[in-house]
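# Coordinates in review
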Amino acid sequence: LPEHSAAAPDDSEKIMREFFRSEVEIHAALIAKLLETIPNAADPTEKFVGITQALHAIKGGSQIVAIEPATRLADAMERYAQEMQKQPVSRLNAPILTLQECLEMTREIARIFVDEDNAWSEGAQKRVDALIDQLEDFSKQPAEAETPAQAISTMHHVTEEIERAMPGMPAAQPILTAEPP
């Protein structure tokens, strides 16, 4: 990838890139909120749907304004989020942090390509490449199956959520426990 400079875009290009920067900020804020809720979600599927849609919007916007580093990173994050869905919630702390780091880099890319005083550097490109490599390494790992104790814990959590949502219903008695008989 050749060195890029945000210098001298015409007015319409500058407006579109500014719009893209705003779009990145909005979607990144939404993704950050959704990521915060995943560790406590009984079923984070809907959260991942929202994350994937927001990442797809960032990717599409970056393609429209021809900011290739943002397109590559958003594409890798989108695939990463899809892989994260296959993992038990208990295994998502590090991937969530990685995705947050990638979002911050995407924000930085959007700022660099809008501000005429900033220039895209080889160092920034190396950071993007390293983040993409990190995302792709995670995608190559097999999904870790939940242990029986984790599955039972999830079932108990779901039962508690149902009881909170439907007060007055008789409490379900757990049939399974994490302890062998």
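Residues numbered from 1 in each chain as written. Predicted model: local features only at pLDDT ≥ 70, side-chain atom pairs only at ≥ 80, totals over all residues. Heavy atoms only, no water.

## Some remarks on the environment of A81
Along the polypeptide, A81 turns up in helix 3 (residues 68–84). Taking the C-alpha atoms as reference points, A81 and L99, separated by 18 residues in sequence, lie 8.2 Å from one another. The contact partners of A81, leaving out residues within four places of it in the chain, are F48, I51, T52 and L55. (Helix = DSSP H or I, 4+ residues; strand = E, 2+ residues; numbered from the N terminus. Contact = heavy atoms within 4.5 Å.)

## Observations regarding the nonpolar core
Counting residues in hydrophobic clusters, the biggest one holds 39 residues, and the most contacted among them are I51, L73, M77 and I109. Once residues lying within four places of it in the same chain are set aside, the contact partners of I109 are I67, P69, A70, L73, W120 and V128. (Core = buried A, V, L, I, M, F, W, Y, C linked by side-chain atoms within 4.5 Å. Buried < 20%, exposed > 50% of the residue type's maximum accessible area, 1.4 Å probe, protein only.)

## A word on unusual backbone geometry
Although it is not a glycine, A66 sits at a positive phi angle of roughly 60 degrees. Accessibility expressed as a relative area gives 55% for A66, which makes it exposed.

## What to know about the pattern of salt bridges
One pass over the full model with this rule turns up 15 salt bridges. Between R79 and E136 there is a salt bridge; the shortest N-O distance is 3.9 Å. Here E136 lies in helix 5 (residues 122–140) and R79 lies in helix 3, a separation of 57 residues in the sequence. Under the relative-accessibility criterion, R79 is labelled partly exposed at 36%. In this structure, the salt-bridge partner of E83 is K86, at a minimum N-O distance of 3.1 Å. (Salt bridge = Lys/Arg side-chain N within 4 Å of Asp/Glu carboxyl O.)

## Examining helix 2 (residues 45–64)
In a regular helix each residue adds 1.5 Å, so 20 residues correspond to 28 Å; helix 2 covers 29 Å between its end C-alpha atoms and thus fits that length. Among all positions in helix 2, only F48, G50, I51, T52, A54, L55, I58, K59, G61 and S62 are buried. Residues of helix 2 that are buried sit in contact with helix 1 (11–37), helix 3 and helix 4 (93–114). Just downstream of helix 2, A66 is the residue with a positive phi angle, here 60 degrees. (Expected span 1.5 Å × (residues − 1).)

## Re the side chain of K59
Secondary-structure assignment places K59 in helix 2. The buried category is assigned to K59, whose relative accessible area is 13%. A distance of 2.8 Å separates the side chain of K59 from the side chain of E78, its partner in a polar contact. In this view, K59 contacts T71, A74, D75 and E78; residues no more than four positions away in its chain are not counted. (Polar contact = N/O pair within 3.5 Å; in protein donor to acceptor, adjacent residues only side chain to side chain.)

## Comments concerning the packing of helix 3 against helix 4
Running from amino to carboxyl end, helix 3 crosses helix 4 at an angle of 160 degrees, the nearest separation of the two axes being 10 Å. Between helix 3 and helix 4, the interaxial angle falls into the category roughly antiparallel. As helix 3 packs across helix 4, the resulting crossing turns out to be left-handed. Note on element contacts: helix 4 touches helix 3 through A94, P95, I96, T98, L99, C102, L103, M105, T106, I109 and F113, opposite P69, A70, L73, M77, Y80 and M84. Of the residues in the contact of helix 3 with helix 4, the class split is 15 nonpolar, 2 polar and no charged. (Axes fitted to C-alpha atoms, helices over the stretch in contact; angles between N-to-C directions. Parallel < 35°, antiparallel > 145°, perpendicular 65-115°, else oblique. Left-handed = near helix turned anticlockwise from the far one by under 90°. Nonpolar A, V, L, I, M, F, W, Y, C, P; charged D, E, K, R; others polar.)

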